[in-house]
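Geometric and topological summary
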Amino acid sequence: MDVASINTRLGRVASADSRELDRVCEEVAAELIDADVEPPFRIPSADFVTDPWLICADRYWRRRLLHQPTVEVAARCARWLHDHTDPPVRPDIIEKWSLGYAFITKDTVESRHDLTLATGRIVETFQGSTDICYFATLYHAGKLRANFWFDELHQFLESSLLAVAAGQHRDDPLFTGLRAFAAFGSRTITTSHALELLDTAWSTAPRSRAVVDVCLNALWAAPPFPGQGEQLRRHAAEAVAEYPDDHLFRFRLASGQRMCGDYTDALATIDTALRLLPAIGARISHELLQGQYLRERAMIQEGLDRAAWTSDQQTRWRDQDTANRDLRRTLQTSAIRAVELVTVFTAAIAFAVGSLQITLTGALPLRDRALLLALLGAGLLLFALLTVAGTWIITGRHHPGPRTTPPDPGGTQR
């Protein structure tokens, strides 16, 4: 194929709208694939939005790896990238391509035997280049990460020949971030160690977007642990502040807010992520991400509904508790009043009967009869007072204190 004509076609759409740019880049990439020719141009920048040469090369290698998703093809991609880019723009492209291609080919993980054979051929063909081995390592590790194979990822990063061949890149923040991802999901590694690895990757400067992505993904995918939601929300909020137009980081923030029970904020955040998700680009990636975001939105909406139902139930419980306390107070007061009435009525009858007997019988003088009536009345009054006082003491004439609100049955959810 004519290199000049390709450069002319790509240069012509450099200032075109995004859809036209994407269409032409796809066409050129398809023609290169059909001609079995690797892209013959250099990549001038790491701008994945407006650089037509980078976009076209991305489409080309995406097609190659979808057709043959192996670490050997990934190594050839790394060699081409090394030969067609300048060092300043290369690291961002390496990280985005290796993990991005791994995500769309995650259903084709090579066996340990095939990986060992491929590693030998890669080391022999490319003379043990640590940069190329690092790219291939990220590609295979990205597949394990996308499938949530935590223990396999841990074993691959720690002891595989391909990872060892990456040399000094094993200390890179992205490599450490992938180790943290494996540690969070492994049942044999403590959460504290995983957090140490994550903090190391997160705090190493300069922190690339890929490192942020892997760290947030590690917190999101980890089995539940104390403080997980707050950790994810805090780190994701920092990532959104650094990359305000990144839809994926908005998605992670929405997940963290949901884990913390902030459903209203989470719904607004996930809606922003869906709005920022571009409708152009690779169809497979767009559909996978959109489906994931919509599932998260459904979980947030479910959390909102549950929170509303719980709030309504708590309101009903409080109203019912208040009504029950009022009813108990009314019944208690009525019972006491009944006892008081019966006591007074009994004392009055006893006084009437006693005074009638004193008045109509015997030959006592009037003063003695009046004294007896006074003593009888005083005794009956004392009896009534003691009876009423005893009733108050026994029934406990006090208002019951307020009861605590029952705990939220909804709780925090993943």
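Residues numbered from 1 in each chain as written. Predicted model: local features only at pLDDT ≥ 70, side-chain atom pairs only at ≥ 80, totals over all residues. Heavy atoms only, no water.

By the naming in an unreviewed UniProt entry, the chain is Tetratricopeptide repeat protein, taken from Protofrankia coriariae.

**Re the overall build of the chain**
We apply this condition: Helix numbers and strand numbers start at the N terminus; a helix is a DSSP run of H or I with at least 4 residues, a strand a run of E with at least 2. Relative accessibility thresholds used throughout: buried, under 20% of the residue-type maximum; exposed, over 50%; partly exposed, between the two (1.4 Å probe, protein chains only). It only takes one pair of heavy atoms within 4.5 Å for two residues to be counted as in contact. The Shrake-Rupley method, run with a 1.4 Å probe sphere, supplies the accessible areas, and residue values consider only the shown protein chains as cover.
Of regular secondary structure, the chain possesses 17 helices and 0 strands. Out of the 414 residues in the chain, the part that is buried amounts to 42%. Summarising the internal contacts of the chain: among those between residues at least 6 apart in sequence, 68% fall at separations of at least 24. Working note: accessible area of the chain is about 21,600 Å², and carbon and sulfur atoms make up 59% of it.

**Section: the nonpolar core**
Rules: Note on terminology: a nonpolar core comprises buried Ala, Val, Leu, Ile, Met, Phe, Trp, Tyr and Cys residues joined through side-chain atoms within 4.5 Å.
Grouped together as the largest cluster of nonpolar side chains are 100 residues, with contacts concentrated most on Trp-97 and Phe-184. In terms of residue count, the dominant contributor to this core is helix α12 (residues 209-221) (10 residues). If sequence neighbours within four positions are ignored, Trp-97 has contacts with Ile-43, Phe-48, Leu-54, Ala-57, Asp-58, Trp-61, Cys-77, Trp-80, Leu-81 and Phe-135.

**A word on the packing of α12 against helix α13 (residues 228-242)**
Angle between the axes and distance between the axes: these two values describe a pair of packed helices. Note the threshold: Angles run from 0 to 180 degrees between N-to-C directions of axes, and those axes are lines fitted to C-alpha atoms, restricted for helices to the stretch in contact. Note on angle classes: values under 35 degrees are labelled roughly parallel, values over 145 roughly antiparallel, values of 65 to 115 roughly perpendicular, and the remainder oblique. By definition, any crossing whose near helix is turned counterclockwise from its far helix by less than a right angle is left-handed, and any crossing with a clockwise turn is right-handed. Classes in brief: Ala, Val, Leu, Ile, Met, Phe, Trp, Tyr, Cys and Pro nonpolar; Asp, Glu, Lys and Arg charged; the others, Gly included, polar.
Interaxial distance between α12 and α13 falls to 9 Å at its minimum, and their mutual angle equals 160°. For the element pair α12 / α13, the angle class is roughly antiparallel. You can see that α12 and α13 cross each other, and the crossing is left-handed. Together, Val-212, Leu-216, Leu-219 and Trp-220 of α12 and Gln-228, Gln-231, Leu-232, His-235, Ala-236 and Ala-239 of α13 make up the contact between the two elements. Residues that form the contact of α12 with α13 fall into these classes: 7 nonpolar, 3 polar and no charged.

**Describing the environment of Leu-216**
Topologically, Leu-216 is positioned in helix α12. When residues no more than four places from it in sequence are discounted, the contact partners of Leu-216 are Trp-202, Leu-232, His-235, Ala-236, Ala-239, Phe-249 and Arg-252.

**Concerning unusual backbone geometry**
A cis geometry characterises the amide bond from Ala-205 onward to Pro-206, with omega recorded as -5°. With respect to the element layout, Pro-206 can be found in the loop between α11 (191-203) and α12. Positioned with a positive phi, Asp-36 is a non-glycine residue whose angle comes to about 55°. Residue position: Asp-36 is located in the loop between α2 (18-34) and α3 (52-67). A positive phi angle, close to 60°, is found at Phe-148, a residue other than glycine. Judged by relative accessible area, Phe-148 falls into the partly exposed class, the value being 37%.

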